There are 2 protein chains.
Amino acid sequence: MSVNIRRLSSKQADFSKQMNDLLSWESVSDDAVNGRVLEIIKAIRERGDAALVEYSQKFDRVSAKSMADLTFDKARIQEALHRISPEQRKGLELSAERIRLYHEHQKQESWRYTEADGTILGQKITPLDRVGLYVPGGKASYPSSVLMNAVPAKVAGVQEVVMVVPTPDDEVNDIVLAAAAVAGVDRVFAVGGAQAVAALAYGTETVPPVDKIVGPGNIYVATAKRHVFGKVGIDMIAGPSEILVVCDGGTNPDWVAMDLFSQAEHDEDAQAILICEDAAFIDQVEASINKLLPTMEREKIIRTSLEARGALIHVGSKEEALEVANIVAPEHLELSVADPESWLPGIRHAGAIFMGRYTAESIGDYCAGPNHVLPTSGTARYSSPLGVYDFQKRSSIIFCSENGAAELGKTASVLARGESLTAHARSAEYRMKK
Amino acid sequence: MSVNIRRLSSKQADFSKQMNDLLSWESVSDDAVNGRVLEIIKAIRERGDAALVEYSQKFDRVSAKSMADLTFDKARIQEALHRISPEQRKGLELSAERIRLYHEHQKQESWRYTEADGTILGQKITPLDRVGLYVPGGKASYPSSVLMNAVPAKVAGVQEVVMVVPTPDDEVNDIVLAAAAVAGVDRVFAVGGAQAVAALAYGTETVPPVDKIVGPGNIYVATAKRHVFGKVGIDMIAGPSEILVVCDGGTNPDWVAMDLFSQAEHDEDAQAILICEDAAFIDQVEASINKLLPTMEREKIIRTSLEARGALIHVGSKEEALEVANIVAPEHLELSVADPESWLPGIRHAGAIFMGRYTAESIGDYCAGPNHVLPTSGTARYSSPLGVYDFQKRSSIIFCSENGAAELGKTASVLARGESLTAHARSAEYRMKK
């Protein structure tokens, strides 16, 4: 049965309405979920470890009797490196090393400058003290996500990275533990769900409270992160994964089809879109989709995703292609064209840009170096890939000389009095020369 | 009547509980407010300008009949520069120029590097397209906030800064409009409240939709910002203002008292704390507080704030002072000491650090250059002052050479198959040399 993927053309009169429909995505906030999550957070704040163990017994069906049973000690984490295949270990180590090298470029340093009167201004950059990393259990448990979240934190200089990963039915994922070892994660607890998020935010007798929580999770985890935001920092709440392939018609259509599949296979809500000026090439890609789909392990997920949210879009020009790409502001953008550098200046919004025919999006997911935690659902219009900057923070530095204080005091005094803030004005005036 | 400000000592057995009580602050989320805000957002999304005008008539009691009446054109904005005093204009211009000079240092540039096999990796930095700036009306309307929010956006390269400021009872604040002119704000609408936030997030016939909304506001504005987050970016939701003064006992106690007042006068919930090793000096500051308070215009607000949330804390050593300062993680930290540079390395968490006896916090509020939009309520543990980086975003760049794709494909293939993501693996394998 051929895939029923929608075809759009920028020539259609209702093209912009069609695009709106295609891109519309609102995450639903469910009162029932909110209520359960708030109850869990309350229980963890009030009863700490006891509640954490109870929820793990209930939701993850673990045999553990105490937090000691739900704690991986350093030896067990290191042991995981020997429980996976040497090939997998090498893959993790190579990937971690490339991620580290790339992210070193993002590290920001403190800076300051001195003005003529001796006043010093600047910014002091410091790492966060302690970060919590949520890793989902079961089939959505991705060791690559451990590397992508933990390595930038360590590059930033975070002293302690605390990972939580549930072990449903006592099943331990050794590749995930091995990834934690490779990334230098400091502590690992076998807990998950909203209860793990609450424990990281507020701390329990065993789990230390962190300053920021990062990492993906299901609706309970995402809802809990929203609720503890403010008490701790959080990373973005990710929507479904997306890819937008812009092709000039010169790439092997099988490659393009497989690139679309590589997002569509994530889940039924994932979005895979092709933009091309060449209608005949779009036909070829559609043929490749129909030819290759039956050979895919995740055929059903891919089909549902492509039929529900996929699109093949025909445009009239390179300018139109760029315009549509910027409207989509995709998480992953492949410029599968002969001269991607000539396209780059026109791209304003994208999480990650994969340039040229040889740069498969999946290389970026694992080992190119850049982060695979990227803004989704058009949020690339205002946000960025996860990076070292998410684990550093800044403090302004102001050090006035006597002359500087006297001079700046005049302006502060005028503006403060204009805002009727007299204490502000008088505080500045005290430092003005008599 | 003398001020009843609490005195704490690190020697007390229950000191850490006392500190917890002192610092506890949770913003209440009110169902009634949430309900009204959601209703307003819905109305703006459905009825656009018409709803925006109606709410402005109802809540701000404006005489306007249409959005044309609620739009300041360029001429009116420029005119404001002539309606304020020359001294105020000079103050705004000097302040804006210093803010611009400081923030130029924060501007980030795209970067890339090329690996041995020709693979290019990097990050492309772009400004946000369009930003919305909320400015409160009435007495909380601070022209300095216009500068602090708009200037960094313009330094980042934001094409269009759209400001909203309500005009309750048709009253226009010319200093605020003048600040908009000085900061290069592009468009100004005389609307406010949740309806203005909704208009900026979703757009109406007249108000263009923005990519991020920044600026302070009351509980309705803050709640609306929380609800539109995701559709657009938002800045932090600020809590009450705070100052922590660390003094070695060598500063004029009147200065210290006035510095504490300068935060306390903001509102009853503001927090002003002094830390000192010298108990006798703490007595002197308390005497100055009692002496100076009756001379303050905002005496009542300052007294309420100091009695409800203020504290004079005696500590046993410099190390203890630093430890307490890091626990507070204050918005404003004054190091009112002889050698502030020797203290700086020990400070891990603070929004802005004011070094030495001459650096009044209020200078930072207006004209030193650094931003006065700072993390509050201990969020300096994980967040930063508003800056140019809040108006820029990053896109990862990955451009594999043929050889790079072949080599990296091996690792991607192993790791993808480890995660059962076959399309990911095959997409990478297509690019591996046969």
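- An unreviewed UniProt entry annotates chain A as Histidinol dehydrogenase originating from Entomomonas moraniae.
- A UniProt comment under Catalytic activity (unreviewed entry) is attached to chain A, and it reads "L-histidinol + 2 NAD(+) + H2O = L-histidine + 2 NADH + 3 H(+)".

Focus on the overall build of chain A
Then, number 1: Of regular secondary structure, chain A possesses 16 helices and 15 strands.
Then, number 2: Its C-alpha atoms give chain A principal-axis dimensions of roughly 85 × 60 × 45 Å.
Then, number 3: Residue burial in chain A is summarised as follows: out of 434 residues, 61% are buried.
Then, number 4: For chain A, the exposed area adds up to about 16,200 Å²; of that, 51% sits on carbon and sulfur atoms.

Some words on the domain arrangement of chain A
Residue and element names in this part refer to chain A.
Then, number 1: Segmentation of chain A into domains returns domain 1 (6-25 + 239-368), domain 2 (31-234) and domain 3 (400-429).
Then, number 2: Counting from both sides, the interface comprises 6 residues of domain 1 and, opposite them, 6 residues of domain 2.
Then, number 3: Looking only at domain 1, the three residues that lose the most surface to domain 2 are Tyr-366, Cys-367 and Ala-368, adding up to 66% of its buried area.
Then, number 4: Counting the contacts that link domain 1 with domain 2 gives 0 salt bridges.
Then, number 5: Summed over the shared surface of domain 1 and domain 2, the result is 3 residue pairs in polar contact (both at pLDDT 80 or more).

Focus on the state of the cysteines
Then, number 1: In this structure the tally under the stated criterion is 0 disulfides over all chains.
Then, number 2: Between Cys367(A), a cysteine without a disulfide, and Cys400(B), which holds the nearest cysteine sulfur, the sulfur-to-sulfur distance is 8.2 Å.

What about the relation of the copies chain A and chain B?
Then, number 1: Of the transformation superimposing chain A on chain B, the axial component is 0.0 Å and the angular component is 180°, with the fit at an RMSD of 0.0 Å. The superposition operator between the copies reduces to a two-fold rotation axis.
Then, number 2: Of the residues that chain A buries at the interface, 100% are likewise interface residues in chain B, meaning the two copies contact each other through the same surface.

Observations regarding the packing of aromatic side chains
Then, number 1: Tallying each qualifying case throughout the model produces 12 aromatic pairs over all chains.
Then, number 2: Arranged with centres 5.2 Å apart and planes meeting at 45°, the rings of Trp111(A) and Tyr102(B) form a pair that is tilted. With Trp111(A) in strand E3 (residues 111-114) and Tyr102(B) in helix H4 (residues 86-104), this pair bridges two chains.
Then, number 3: Under the relative-accessibility criterion, Tyr102(B) is labelled buried at 0%.
Then, number 4: With a centroid separation of 5.6 Å and 80° between ring planes, the pair formed by Trp255(A) and Tyr358(A) is classed as edge-to-face. Placement of Trp255(A) in helix H9 (residues 253-264) and of Tyr358(A) in the loop between strand E14 (352-355) and helix H14 (361-366) is noted, with a sequence separation of 103 residues between them.
Then, number 5: In this structure an aromatic cluster arises from ring pairing among Tyr102(A), Trp111(B) and Tyr113(B).

Some remarks on the UniProt feature "active site" (unreviewed entry) in chain A
Residue and element names in this part refer to chain A.
Then, number 1: According to UniProt, the "active site" (unreviewed entry) feature falls on Glu-331 and His-332.
Then, number 2: Residue position: Glu-331 is located in the loop between helix H12 (318-328) and strand E13 (332-336).
Then, number 3: Relative accessible area serves as the criterion here: at 6%, Glu-331 is assigned to the buried category.
Then, number 4: Among the polar contacts listed, one links the side chain of Glu-331 to the backbone nitrogen of Glu-242, at a separation of 2.9 Å.
Then, number 5: The residues touching His-332, leaving out its near neighbours within four places in the chain, are Ser-241, Glu-242, Ile-243, Leu-244, Gln-263, Ala-352, Phe-354, Glu-361, Asp-365 and Leu-374.
Then, number 6: Among the polar contacts listed, one links the side chain of His-332 to the backbone oxygen of Glu-242, at a separation of 2.7 Å.

Re unusual backbone geometry
Then, number 1: Unusually for a residue other than glycine, Ser377(A) sits at a positive phi of about 55°.
Then, number 2: Within the secondary structure, Ser377(A) sits in the loop between H14 and strand E15 (392-399).
Then, number 3: For Ser420(B), which is not a glycine, the phi torsion comes out positive at approximately 60°.
Then, number 4: The class for Ser420(B) is partly exposed, based on a relative accessible area of 39%.

Things to note about helix H6 (residues 174-183) of chain A
Then, number 1: Counting buried residues in H6(A) gives 9 out of 10 residues, a clear majority hidden from the surface.
Then, number 2: Buried within H6(A) we find Asp174(A), Ile175(A), Val176(A), Leu177(A), Ala178(A), Ala179(A), Ala180(A), Ala181(A) and Ala183(A).

Observations regarding the sheet that holds strand E5 (residues 130-134) of chain A
All names here are of chain A.
Then, number 1: Pairing within the open sheet is mixed, and its 6 strands lie in the order E2-E7-E6-E5-E8-E9. Only two strands of the sheet have a single partner each, and these edge strands are strand E2 (71-72) and strand E9 (233-234).
Then, number 2: Along the sheet, helix H5 (residues 143-156) contacts E5, strand E6 (160-164) and strand E8 (212-214); its crossing angle with E6, the most-contacted strand, is approximately 165°.
Then, number 3: Contacting E5, E6 and E8, helix H7 (residues 193-202) runs over the sheet at an angle of about 175° to E5.

Considerations on the sheet that holds strand E10 (residues 242-247) of chain A
Then, number 1: Taking strand neighbours across the sheet as the criterion, the 9 strands line up as E1(A)-E12(A)-E11(A)-E10(A)-E13(A)-E14(A)-E15(B)-E4(B)-E3(B) in an open arrangement whose pairing is mixed. Of all the strands in the sheet, just strand E1 (6-9) of chain A together with strand E3 (111-114) of chain B have a single pairing partner and so form its edges. Sheet twist, expressed as the mean angle between neighbouring strand axes with direction ignored, is 20°.
Then, number 2: As paired strands, strand E11 (residues 271-276) of chain A and strand E12 (residues 311-314) of chain A are joined by 4 bridges and run parallel to one another.

Quick notes on the packing of helix H4 (residues 86-104) of chain A against H5(A)
Working note: a packed helix pair is described by the angle between its axes plus the distance between those axes.
Residue and element names in this part refer to chain A.
Then, number 1: For the pair H4 and H5, interaxial distance at closest approach is 9 Å and the crossing angle is 40°. One way to sum up the angle between H4 and H5 is to call them oblique. Considering only the axes of H4 and H5, their crossing is right-handed. Contacts between H4 and H5 pair Leu-92, Ser-95, Ala-96, Ile-99, Arg-100, His-103 and Glu-104 from the former with Pro-143, Leu-147, Met-148, Val-151, Pro-152 and Val-155 from the latter.
Then, number 2: Its residues assigned to classes, the contact of H4 with H5 shows 9 nonpolar, 2 polar and 2 charged.

Overview of the environment of Pro370(A)
Then, number 1: Looking at the secondary structure, you find Pro370(A) in the loop between H14 and E15.
Then, number 2: Along the chain, Pro370(A) and Gly387(A) lie 17 residues apart, while their C-alpha atoms are 8.6 Å from each other.
Then, number 3: Those residues within four positions of Pro370(A) in sequence are excluded, and the remaining contacts are Tyr102(A), His103(A), Met148(A), Gly364(A), Leu121(B), Ser396(B), Ile397(B) and Ile398(B).

So, the interface of chain A and chain B
Then, number 1: Counting residues at the interface gives 119 residues for chain A and 119 residues for chain B.
Then, number 2: Surface buried jointly by chain A and chain B totals about 10,400 Å² across both partners, of which 55% is contributed by carbon and sulfur atoms.
Then, number 3: Connecting chain A to chain B are 10 salt bridges.
Then, number 4: Asp259(A) serves as the salt-bridge partner of Arg431(B), at 2.7 Å between the closest nitrogen and oxygen.
Then, number 5: The leading source of residues in the side of chain A that touches chain B is helix H15 (residues 402-418) of chain A, at 10 residues.
Then, number 6: Of the residues belonging to the side of chain A that touches chain B, the class tally is 55 nonpolar, 35 polar and 29 charged.
Then, number 7: Taken together, the 3 bridges between E15(A) and strand E14 (residues 352-355) of chain B define a ladder with parallel strand orientation. Residue pairing for E14(B): Ile397(A) is matched across the bridge by Ile353(B).

Considering the nonpolar core
Then, number 1: Among the nonpolar cores identified, the biggest contains 97 residues, and Val146(A), Met163(A), Val185(A) and Val188(A) are the most heavily contacted of them.
Then, number 2: Here the element with the most residues in this core is helix H2 (residues 31-60) of chain A; it accounts for 10 residues.
Then, number 3: When residues no more than four places from it in sequence are discounted, the contact partners of Val188(A) are Leu70(A), Thr71(A), Phe72(A), Ile77(A), Met163(A), Val165(A), Leu177(A) and Ala180(A).
Then, number 4: Within the second largest apolar cluster, 96 residues are counted, among which are Ala412(A), Leu81(B), Ala153(B) and Ala196(B).

Focus on the environment of Ala352(A)
Then, number 1: Relative to the helices and strands, Ala352(A) resides in strand E14.
Then, number 2: Setting aside its immediate chain neighbours within four residues, Ala352(A) contacts Glu331(A), His332(A), Leu333(A), Leu374(A) and Ser396(B).

Here we look at the pattern of salt bridges
All names here are of chain A.
Then, number 1: Going through the model one piece at a time under the given rule, you end up with 54 salt bridges over all chains.
Then, number 2: A salt bridge links Asp-169 to Arg-61; the nearest nitrogen and oxygen atoms lie 2.7 Å apart. Here Arg-61 lies in the loop between H2 and E2 and Asp-169 lies in the loop between E6 and H6, a separation of 108 residues in the sequence.
Then, number 3: Residue Arg-61 is classed as partly exposed on the basis of its relative accessible area of 46%.
Then, number 4: As a salt-bridge pair, Arg-89 and Glu-93 come within 2.9 Å of each other at their nearest N and O atoms.

What counts and how
- Residues numbered from 1 in each chain as written.
- Chains lettered and ligands numbered in written order.
- Predicted model: local features only at pLDDT ≥ 70, side-chain atom pairs only at ≥ 80, totals over all residues.
- Heavy atoms only, no water.
- UniProt positions renumbered as here; feature names shortened; annotations may be inferred.
- Helix = DSSP H or I, 4+ residues; strand = E, 2+ residues; numbered from the N terminus.
- Buried < 20%, exposed > 50% of the residue type's maximum accessible area, 1.4 Å probe, protein only.
- Areas by Shrake-Rupley, 256 points an atom, 1.4 Å probe, with all protein chains shown as cover.
- Domains from an automatic or database assignment.
- Contact = heavy atoms within 4.5 Å.
- Buried area = accessible area lost by both parts, 1.4 Å probe.
- Salt bridge = Lys/Arg side-chain N within 4 Å of Asp/Glu carboxyl O.
- Polar contact = N/O pair within 3.5 Å; in protein donor to acceptor, adjacent residues only side chain to side chain.
- Disulfide = S-S within 2.5 Å.
- Least-squares fit on C-alpha atoms with pLDDT ≥ 70 in both.
- Phe/Tyr/Trp six-rings, centres within 6.5 Å; stacked < 30°, edge-to-face > 60°.
- Pairing = 2+ DSSP bridges.
- Axes fitted to C-alpha atoms, helices over the stretch in contact; angles between N-to-C directions.
- Parallel < 35°, antiparallel > 145°, perpendicular 65-115°, else oblique.
- Left-handed = near helix turned anticlockwise from the far one by under 90°.
- Nonpolar A, V, L, I, M, F, W, Y, C, P; charged D, E, K, R; others polar.
- Core = buried A, V, L, I, M, F, W, Y, C linked by side-chain atoms within 4.5 Å.

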